Amino acid sequence: SLKKVNALAKLLSQFLHLCGIFIHEKYPKCIYRQKERIETMFKVNENFAKLPGSYLFANIAKRVSTFQADHPEKEIIRLGIGDVTQPIAPAIIEAMHKAVDEMGHAETFRGYAPEQGYDFLRNIIAKEDFQERGCDISADEIFVSDGAKCDCGNIQEIFGLDNKVAVCDPVYPVYVDTNVMAGRTGLYNKERENFDGVIYMPCKEENGFLPEIPADEVPDLIYLCFPNNPTGGAITKAALQEWVDYANKNGCVIIYDAAYEAYISEEDVPHSIYECEGARTCAIELRSFSKNAGFTGVRLGFTVVPKELVRDGVELHSLWARRHGTKFNGAPYIVQRAGEAVYSPEGKAQLKEQIAYYMRNAKTILEGLSAAGFSVSGGKNAPYIWLKTPDQMTSWEFFDYLLEKAHIVGTPGSGFGAHGEGYFRLTAFGSYENTLEAIERIKNL
Ligand code: MLT
């Protein structure tokens, strides 16, 4: 039968592979030796080989599915990746339905979206997220995209490879990995557990898990994320102003990831870097609809590049516009209408409730773990709780312990950087019931 022939062919191919002979997938008759293959093939991007292992959350997902396959009867509670669980708010669903219907009629059908975003969305973003907070940002400085993860990975493309990058440690891995892929770093240093050629700014308990301005070397690019992923820490406006002043004085560019701004509860914590004086000449801001409106599966975000941000005599705005225009064809109309509904009075009220729901989870985790004797932080202006692993366990040891004994998934702090070792991140994005259950399970360990 065909099945048997295929199985035999596979076996033969594996055998030949062992002998150093390859059968080309597309041309099964074309058998050639590995040496010839290397000589005739192009080179891959060798920078990718510098990256150890797989992407953090892919690695975790793999471990969890192995555990689940081995223990199908166990009910796993997932507080690992920062993925939302609440459904899209009704006002947003309504806007999406309306947009879907429009797409079904010739008079209202839309093809390619403007690559920087529809005016209806850019205008409302500029007004509500910036101008009403006193930030001088105009609609044409906003670039709508399919999410902040892509933007924070892609933004480095407009900078020269010689630029020195500074990141917090621990840090959202995308900032580092994308600079590695681009060739802006040296090799991975196994002993230090980080990359050569990158300035790491340790965020430790003694500095309130906040980065300090690098003392020894001036970076060109500084990645900051506030409220912070993974530690859940926040920065005051006065402290952020110091970074802005430093960047302006030294010609650095700050890439400011404000994906979690909707979770800010304290007065002196800025929602945007443009609340600081002088940020227009040194900062790019990244925003997401994933965490404030549950768009992790819908995909929408935006990047702000002020026109006054000039380096090397070039407006970075025009570089990003060129990049966006060449590589992006605009976020879908339906999704941008959904984004617009986030700012409607009904949308705002419904999302306020959603954020409050997640922040009740954060409070439950914070209070529950403190009562159980854990050292915890974050969770006040962010949906992440950062805890110290008990009994000197490494982050991955605690990950395994929690998964095996309590069937709870979290994120090992060391996955975010060397200074995350000995720490662990839990998210507040689960359901309330699961969050309560998780805390009970941890207390009973
Ligand atoms: C996280 O868990 O750190 C986030 O979900 C990652 C992301 O937003 O891409």
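All values derive from a computational prediction rather than experimental measurement. (Residues numbered from 1 in each chain as written. Predicted model: local features only at pLDDT ≥ 70, side-chain atom pairs only at ≥ 80, totals over all residues. Heavy atoms only, no water.)

1. Considerations on the sheet that holds strand β8 (residues 198–202)
Then, number 1: One open sheet holds the seven strands; their spatial order is β4-β12-β11-β10-β9-β5-β8, and the pairing between them is mixed. At either end of the open sheet lies a strand with only one pairing partner, and these are β4 (142–145) and β8. Taking the axes of each pair of neighbouring strands and ignoring which way they run, one obtains an average angle of 20 degrees across the sheet.
Then, number 2: Note: strand β5 (residues 165–169) against β8, five bridges, orientation parallel. (Pairing = 2+ DSSP bridges. Helix = DSSP H or I, 4+ residues; strand = E, 2+ residues; numbered from the N terminus. Axes fitted to C-alpha atoms, helices over the stretch in contact; angles between N-to-C directions.)

2. What to know about the pattern of salt bridges
One side chain can pair with another of opposite charge once the charged atoms of both are near each other.
Then, number 1: Overall, the coordinates contain 20 salt bridges when judged by the stated rule.
Then, number 2: A salt bridge links Arg337 to Glu340; the shortest N-O distance between them is 2.8 Å. Linking Arg337 with Glu340, this pair stays in helix α11 (residues 333–341), spanning three residues, or about one helical turn.
Then, number 3: Given the relative accessible area of 26%, Glu340 is considered partly exposed.
Then, number 4: Linking Arg441 and Glu437 is a salt bridge whose minimum nitrogen-to-oxygen distance equals 2.8 Å. You can see Arg441 and its partner Glu437 sitting in helix α14 (residues 432–443), four residues apart, about one turn around the helix.
Then, number 5: Overall, the relative accessible area of 18% leaves Arg441 in the buried class.
Then, number 6: Its relative accessible area of 36% is what places Glu437 among the partly exposed residues. (Salt bridge = Lys/Arg side-chain N within 4 Å of Asp/Glu carboxyl O. Buried < 20%, exposed > 50% of the residue type's maximum accessible area, 1.4 Å probe, protein only.)

3. Some words on the site of the ligand
Then, number 1: Around the ligand, the surrounding shell consists of Phe57, Ile81, Gly82, Lys149, Tyr172, Asn229, Tyr260, Lys291, Tyr384 and Arg425.
Then, number 2: A distance of 2.9 Å is found between an oxygen atom of the ligand and a side-chain nitrogen or oxygen belonging to Lys291.
Then, number 3: Separating an oxygen atom of the ligand from a side-chain N or O atom of Arg425 is a distance of 2.7 Å.
Then, number 4: Taken by itself the ligand offers 270 Å² of open surface, and the protein chains cover 86% of this.
Then, number 5: For the shell around the ligand, the residue count by class is five nonpolar, two polar and three charged. (Near = heavy atom within 4 Å. Polar contact = N/O pair within 3.5 Å; in protein donor to acceptor, adjacent residues only side chain to side chain. Areas by Shrake-Rupley, 256 points an atom, 1.4 Å probe, with all protein chains shown as cover. Nonpolar A, V, L, I, M, F, W, Y, C, P; charged D, E, K, R; others polar.)

4. Observations regarding the environment of Cys225
Then, number 1: Along the chain, the position of Cys225 falls in strand β9 (residues 221–225).
Then, number 2: Separated by 101 residues in the primary sequence, Cys225 and Ile124 place their C-alpha atoms 24 Å from one another.
Then, number 3: Residues contacting Cys225, with those up to four places away along its chain left out, are Tyr175 and Asp257. (Contact = heavy atoms within 4.5 Å.)

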